[in-house]
Amino acid sequence: MSLLKKTNIPQILFLILVLSSCGKDKKTSVDTASTVEDTMPRMKPLGPEKRISQAYINSVKGRINHFYNKNWPNNSMNGSFLVARNGQIIFERYNGYANKNEGTKITAETPVQIASVSKVLTATAVLKLVNAGKLKLDQKVNTILKTFPYEDCTVRMLLTHRSGMRNYAYFTDHDKSVWDRHNQLTNKDILDILATKDIGLESKTGTRFGYCNTNYAMLALIIEKITGLTYKQAMSEIIFKPLGMTHTYVFDDDKERKTIVPSYKGNGAEIGFDYLDNVYGDKNVFSTVRDLLKFDRARNSPDFLKPALLKEVYTGYSNERKGTKNYGLGIRMINWETGQNFYFHNGWWHGNTSSYITLKKENVTIIALSNKMTRNTYAVRKLAPIFGDYPFNFKDEE
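About the thresholds
Residues numbered from 1 in each chain as written. Predicted model: local features only at pLDDT ≥ 70, side-chain atom pairs only at ≥ 80, totals over all residues. Heavy atoms only, no water. Pairing = 2+ DSSP bridges. Helix = DSSP H or I, 4+ residues; strand = E, 2+ residues; numbered from the N terminus. Buried < 20%, exposed > 50% of the residue type's maximum accessible area, 1.4 Å probe, protein only. Contact = heavy atoms within 4.5 Å. Axes fitted to C-alpha atoms, helices over the stretch in contact; angles between N-to-C directions. Core = buried A, V, L, I, M, F, W, Y, C linked by side-chain atoms within 4.5 Å. Polar contact = N/O pair within 3.5 Å; in protein donor to acceptor, adjacent residues only side chain to side chain.

- Going by the annotation in an unreviewed UniProt entry, the name recorded for the protein chain is CubicO group peptidase, beta-lactamase class C family, with Flavobacterium saccharophilum given as the source organism.

Right under this line is the structure:
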């Protein structure tokens, strides 16, 4: 009794109220964090596909092997090469040096720079955000990146290379008042230059196709703005982790120069880094052919995108000139008048070349990656007629 008399009852009640409130705040904070995390759109694996028969594999494997030996005589490929159907690998090869100085060889687990094939992955992340309602295709870029100076440019125009912008590699190359090449250029730097240096357009926005890396450097910044994550983190959360792409990552020039697989000239001389190597979105994803196969099959999943949006991905947007070549939302295409459609993307950065082909009708995936400069990487399109009616006119084909 004497203890209760000495105790200040109001103080005890106040303390209980404060502690209770702190507990609620903690719970609310955790709940909010979970909610934010749960709204992140993520890719989903396609799941089991129909197994192809050994008889079918035998019927095409010889022709693929013939192509391989002709395209890379004497096993001269320096990289990785894979052909699959229904996600099942029919043919794969790994050859050459990952690092000549260290004597390490390229294996199925060796990530190499996939150069502009990175654009397909950047576009995929953007499309997942659009699909989730976090972004609109026809949203003006300056409503997201506030200092972006070209007010008529939309997200769709960045994806389809119809912004009219100039390539950042050209407008930062010569004039020190624009950029000092002794400093590493970043995506944010590119946006700042566009906003402050009166960089003119190559063509009027929305009037014609002009393949330009600046578009995808800006898309990477949009991904960061919408998700609140770095591009590296967002790509991991939206694509790499959910698909089990354990040998895929976004290169960080500041931290990973000494650990990545370098690239080489055709004569075998190693190619060094330059001031453009910190820019991502247009390049700088490192991956393997097996990881990219997982990615390709996931893009064929019913859960990838809503049907209407998916149709827009594989629509050509540049029709001001008559021809078969076109560009969709982050994918190149050839549309023949006879009705066949061929979807692909190639890449080149330093000594790295890459080719990603998805034969959607036949569920075939063809991927080639090389870290030694060669155009032979792009010849893998010659395999398409093995699987379907693709009326290429290969002049050098026997």
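Notes on the sheet that holds strand β5 (residues 112–113)
Next up, step 1: Strand order in the open sheet formed by 3 strands is β5-β9-β6, with antiparallel pairing between adjacent strands. Looking at which strands have only one partner, the edges of the open sheet turn out to be β5 and β6 (249–250).
Next up, step 2: Alignment of β6 against strand β9 (residues 285–287), held across 2 bridges, turns out to be antiparallel. Considered in β9, the bridge of V250 is made with V285.

Focus: the environment of K360
Next up, step 1: Tracing the chain through its elements places K360 in the loop between β13 (352–359) and β14 (364–370).
Next up, step 2: Overall, K360 belongs to the partly exposed group, its relative accessible area being 26%.
Next up, step 3: Residues K360 and R297, 63 residues apart in the sequence, show an inter-C-alpha distance of 9.8 Å.
Next up, step 4: Beyond its immediate stretch of four places on either side in the chain, K360 contacts N300, Y314 and Y343.

Concerning the sheet that holds strand β12 (residues 341–349)
Next up, step 1: Read from one edge to the other, the open sheet built from 7 strands follows the order β2-β1-β14-β13-β12-β11-β10, with strand pairing classed as antiparallel. Two strands close off the open sheet at either side, each with one partner strand: β2 (88–95) and β10 (325–327). On average, each strand axis in the sheet is tilted by 15° relative to the strand beside it, whichever way the strands run.
Next up, step 2: With 7 bridges connecting them, β12 and β13 associate as antiparallel partners. Residue pairing in the sheet places Y343 in a bridge with T358 of β13.

Observations concerning the side chain of N326
Next up, step 1: Relative to the helices and strands, N326 resides in strand β10.
Next up, step 2: By relative accessible area, N326 is classed as buried at 12%.
Next up, step 3: The residues contacting N326, other than those within four sequence positions of it, are G316, Y317, S318, N319, I331, R332, M333 and N335.

Looking at the nonpolar core
Nonpolar side chains tend to gather and get buried jointly when the protein is soluble and globular.
Next up, step 1: Of all hydrophobic cores here, the largest spans 85 residues; its most connected members are F148, M218 and I239.
Next up, step 2: Excluding its chain neighbours within four sequence positions, the residues that come into contact with I239 are M43, L121, T124, A125, A234, M245 and F295.
Next up, step 3: Listed in part, the 30 residues of the second largest apolar core include F67, V364, L383 and F392.

Quick notes on the pairing of strand β1 (residues 79–85)
Next up, step 1: The element β1 is extensively covered by neighbouring structure, given that 7 of its 7 residues are classed as buried.
Next up, step 2: Alternating residues of β1 divide into G79, F81, V83 and R85 and S80, L82 and A84, and every residue in both groups is buried.
Next up, step 3: Taken together, the 7 bridges between β1 and β2 define a ladder with antiparallel strand orientation. Bridge assignment links A84 to a residue of β2, and that residue is I89.
Next up, step 4: The turn joining β1 and β2, which pair antiparallel and follow one another in sequence, is formed by 2 residues; a positive phi near 55° is taken by N86.
Next up, step 5: Pairing analysis gives 7 bridges linking β1 to β14, with the strands arranged antiparallel. Residue pairing for β14: F81 is matched across the bridge by A368.

Observations regarding the environment of E224
Next up, step 1: One can find E224 in helix α8 (residues 213–227).
Next up, step 2: Residue classification places E224 among the buried positions, given a relative accessible area of 18%.
Next up, step 3: The spatial distance from the C-alpha of E224 to the C-alpha of M235 is 9.7 Å, given a sequence separation of 11 residues.
Next up, step 4: If near-sequence neighbours (up to four positions away) are discounted, E224 is found in contact with L229, T230, Y231 and Y280.
Next up, step 5: Within the structure, E224 has its side chain in polar contact with the backbone nitrogen of Y231 (distance 2.8 Å).
Next up, step 6: Side chain to side chain, E224 and Y280 meet in a polar contact 2.8 Å long.

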